[in-house]
Amino acid sequence: MCALSFREELLYWGVPEESLEWCCRRRLLQRVEEFEAMERAEEEEELLEDLLDSDSGHREHPAESRLNRCMGKLRDMVERPHSGLPGKIFACLSVLFVTITAINLSISTMPAMREEEEAGTCSQMCYNIFIVETVCVAWFSLEFTLRFIQDRSKLTFLRQPLNLIDVVAILPYYITLVVDSTSKGEKRLGSGSSYLDKVGLVLRVLRALRILYVMRLARHSLGLQTLGLTARRCTREFGLLLLFLCVAIALYSPLLYLIENEMVTTQEFTSIPATYWWAVITMTTVGYGDMVPRSIPGQVVALSSILSGILLMAFPVTSIFHTFSRSYVELKQEQQRVLQRRTHFLLRSRMAGLGSNLSLESDMLFPMGTDSRDLDD
């Protein structure tokens, strides 16, 4: 039955939600959170409709109405790619710059580029890479600024995970410029090589953070949004999967270590922590082959660990798969619902504009001060 209706029945009969089993209670809370998210989205659309109604009920100041229209168009462009041509162009440009950044980062790690970096020189290729990175960061900074300007709640905007990722991905470029100029100044002053080594390490770490630009694709990809929603909803299943693997690894690793050290002369398994690595890659069916049991009892233990890993990983994966399918359907329906609301809102705005034009024309034809006797005359 509907989880919200079930919750109303619990409230009516005075049954506390804590009396439910954890699995049923978790499903109930999950449905309630989904419903609250849908309500927040509907409230935003209703707020826009109320603004439209207020515009049709009374005339606003021309500057305020113009500002509201500009903010609405900006919000549609940066947050709703399906709202029109500007939104689609903005989304395509964002994906394009993310792709260029990923390719640029890959090229900058080529051996020739690394040799130039270690030697402290910069060829034309290095300069071109820097120019491309500067243009991409400028676009990302502009996009983040536009998103921040159009958002109604600035504090809520800064708390959102994707926006925090944007900040973490953009700031390293500017920090790198500051650190680079500082390191050059210190080098001219004759500082030691230890400081320059630390500065080089900081620069390499900051440049590695540029890979977070790929996470920006989640804004425009329904599949990545579904993946994030599934990961948030399946934290319990992921915890169970990790627990199963840890228990099995703690069981098979000491057992194989003792068998191999007692029955085989060549000791590939030097310690139990080293055997943990073997258990991880074996139970996850990766099998690098760097550590292999040689004795027959050790091979039997390895076979048992492989079968156990397959079964233990299959148990939670079924629930995760169903959650992923359900999350994808929900996001798809929500996207269609938003498009329908947007279409309805545009129709209402056009009808309101048409009605205001008709009222202005009627006022011009029949002024309010005109009397019926004047019309008779």
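Residues numbered from 1 in each chain as written. Predicted model: local features only at pLDDT ≥ 70, side-chain atom pairs only at ≥ 80, totals over all residues. Heavy atoms only, no water.

Overview of the overall build of the protein chain
The helix and strand inventory of the protein chain stands at 14 helices and zero strands. Walking the protein chain from its N terminus toward its C terminus, one meets helices and strands in the order α-α-α-α-α-α-α-α-α-α-α-α-α-α. Counting over 377 residues, the protein chain shows a buried share of 28%. Across the protein chain, the fraction of contacts at a sequence separation of at least 24, relative to all contacts at a separation of at least 6, is 68%. On the protein chain, roughly 24,700 Å² of surface is accessible, and the fraction owed to carbon and sulfur atoms is 65%. (Helix = DSSP H or I, 4+ residues; strand = E, 2+ residues; numbered from the N terminus. Buried < 20%, exposed > 50% of the residue type's maximum accessible area, 1.4 Å probe, protein only. Contact = heavy atoms within 4.5 Å. Areas by Shrake-Rupley, 256 points an atom, 1.4 Å probe, with all protein chains shown as cover.)

Some remarks on helix H4 (residues 85–108)
Residue pairs three or four apart in sequence face the same way in an α-helix, which turns once every 3.6 residues. An ideal rise of 1.5 Å per residue puts 34 Å on 24 residues; H4 measures up with 34 Å between its terminal C-alpha atoms. Residues of H4 that are buried include every one of Gly-87, Phe-90, Ala-91, Ser-94, Phe-97, Val-98, Thr-101, Asn-104, Leu-105 and Ser-108, and no others. (Expected span 1.5 Å × (residues − 1).)

Describing unusual backbone geometry
Of note in this structure, Thr-285 is not a glycine but carries a positive phi near 60°. Residue classification places Thr-285 among the exposed positions, given a relative accessible area of 53%.

A word on the packing of aromatic side chains
Counted under the stated rule, the structure contains nine aromatic pairs. Centre to centre, the rings of Phe-90 and Trp-139 are 5.3 Å apart; their planes meet at 45°, and the pair counts as tilted. In this pair, Phe-90 is assigned in helix H4 and Trp-139 in helix H6 (residues 124–150), connecting sequence segments 49 residues apart. Judged by relative accessible area, Phe-90 falls into the buried class, the value being 6%. Taking the centre distance of 5.5 Å and the plane angle of 50° together, the rings of Phe-144 and Phe-157 count as tilted. (Phe/Tyr/Trp six-rings, centres within 6.5 Å; stacked < 30°, edge-to-face > 60°.)

Focus on empty space enclosed by the protein
Applying the stated criterion across every chain, the model contains one cavity of 30 Å³ or more. If you add up the space inside the largest cavity, you get close to 40 Å³. Lining the largest cavity are Thr-101, Asn-104, Leu-105, Glu-133, Cys-136, Val-137, Arg-210 and Tyr-213. Among the secondary structure elements, those contributing two or more residues to the lining of the largest cavity are H4 and H6. Split into classes, the residues belonging to the lining of the largest cavity amount to four nonpolar, two polar and two charged. (1 Å grid on protein atoms, 1.4 Å probe; cavity = no way out; pocket = protein on both sides within 12 Å on 5 of 7 lines; lining within 4 Å. Points joined across faces, edges and corners; volume = space filled by probe spheres on them. Nonpolar A, V, L, I, M, F, W, Y, C, P; charged D, E, K, R; others polar.)

Let's talk about the pattern of salt bridges
Scanning the entire structure with this criterion turns up five salt bridges. With its nearest N and O atoms 2.8 Å apart, the salt bridge here joins Glu-17 to Arg-7. Here Arg-7 lies in helix H1 (residues 3–13) and Glu-17 lies in the loop between H1 and helix H2 (22–57), a separation of 10 residues in the sequence. Residue classification places Glu-17 among the buried residues on the basis of a relative accessible area of 17%. Via salt bridges that share partners, Arg-233, Arg-326 and Glu-330 belong to a single interconnected network. (Salt bridge = Lys/Arg side-chain N within 4 Å of Asp/Glu carboxyl O.)

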